[in-house]
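As a plain string of letters, each chain reads:
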Amino acid sequence: ILNVEQSPQSLHVQEGDSTNFTCSFPSSNFYALHWYRWETAKSPEALFVMTLNGDEKKKGRISATLNTKEGYSYLYIKGSQPEDSATYLCAFVERNQGGKLIFGQGTELSVKP
Amino acid sequence: DTAVSQTPKYLVTQMGNDKSIKCEQNLGHDTMYWYKQDSKKFLKIMFSYNNKELIINETVPNRFSPKSPDKAHLNLHINSLELGDSAVYFCASSQGWQNYGYTFGSGTRLTVV
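This section reports on the structure supplied with the text. Just so it is clear, the structure is predicted and the values come from calculations on it, not from any experiment.

## Here's the deal with the nonpolar core
A:F25, A:L33, A:W35, A:F48, A:L75, A:Y88 and A:L109 are the most contacted members of the largest nonpolar core, which totals 24 residues. Looking at this core, the element that brings in the most residues is strand β9 (residues 86-94) of chain A, giving four residues.

## What about the state of the cysteines?
Across all of its chains, the model carries two disulfides over all chains by this definition. Residue A:C23 pairs covalently with A:C90 via a disulfide, S to S 2.0 Å. Between A:C23 and A:C90 the sulfur-sulfur dihedral comes to about 75°; the bridge is accordingly right-handed. Pair noted here: A:C23 is in strand β3 (residues 19-24) and A:C90 is in strand β9, with a separation of 67 residues, a long-range link. Under the relative-accessibility criterion, A:C23 is labelled buried at 0%. Each sulfur of the disulfide joining B:C23 and B:C91 lies 1.8 Å from the other. Its S-S torsion of about -80° marks the bond between B:C23 and B:C91 as left-handed, since a negative value means left-handed. With a gap of 68 residues between them, B:C23 in strand β3 (residues 19-25) and B:C91 in strand β9 (residues 87-94) connect regions that are remote in the sequence.

## Considerations on the environment of A:S7
Residue and element names in this part refer to chain A. Note on placement: S7 falls in strand β1 (residues 5-7). When the C-alpha atoms of S7 and F21 are compared, they prove to be 6.0 Å apart, with 14 residues separating the residues in sequence. The residues touching S7, leaving out its near neighbours within four places in the chain, are F21, T22 and T107.

## Some details on the sheet that holds β3(B)
Paired through their backbone hydrogen bonds, the strands of a sheet run either parallel or antiparallel. All names here are of chain B. Read from one edge of the open sheet, four strands run β1-β3-β8-β7, paired in antiparallel fashion. Each having just a single partner strand, β1 (4-7) and β7 (64-70) make up the two edges of the open sheet. Going across the sheet, the axis of each strand differs from the next one's by a mean of 20°, ignoring polarity. As judged from the five bridges shared by β7 and strand β8 (residues 73-78), these two strands associate in the antiparallel manner. Its bridge partner being in β8, D70 is matched across the sheet by H73.

About the thresholds
- Residues numbered from 1 in each chain as written.
- Chains lettered and ligands numbered in written order.
- Predicted model: local features only at pLDDT ≥ 70, side-chain atom pairs only at ≥ 80, totals over all residues.
- Heavy atoms only, no water.
- Core = buried A, V, L, I, M, F, W, Y, C linked by side-chain atoms within 4.5 Å.
- Buried < 20%, exposed > 50% of the residue type's maximum accessible area, 1.4 Å probe, protein only.
- Helix = DSSP H or I, 4+ residues; strand = E, 2+ residues; numbered from the N terminus.
- Disulfide = S-S within 2.5 Å.
- Contact = heavy atoms within 4.5 Å.
- Pairing = 2+ DSSP bridges.
- Axes fitted to C-alpha atoms, helices over the stretch in contact; angles between N-to-C directions.

See below:
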């Protein structure tokens, strides 16, 4: 059974704080790593898809890095805003498995004004 | 203009009934998926279709049967509903599976009483 683990499970920060979360995944048979943002009562929304070791992606104040050899990815949010409050999910794609996403349990971020 | 739409949004039904959840995407994507959000809020894949061909069939009870009449639709039919089937079911689509994020529907909350 493949495990994708995210930490912390929840995080409470003040507006303006910068924060980061970790996603750990199997380092063998890696194909891709996805990050999603999931606001309450909405659908998960794709943030990044990363495939190469050392990949760094950025979207506004959010960025992500990837280390496939050691099996981890970091998601960073610079200057958190209340609208960043959501659950952030990572998902691992194993090679030759038809694109099946194996999700972590998510990191729930709450940003207080 | 909803990209991935699921109907119904809520479904309350009695044990033993047969029900269907419909999913349609207007993005022109080749691949569609059904995910189930379990009691611990993990998203777990159930099925995946690529251009109407079943490519992923996880170990779900055979009471669950997906049907894809064309690549824009992937419906989920559930026979003989059980209490344990109560969950939120998400449909998603992607343009292939290699390097693209999924677009999720808003979910269908199924409650079996």
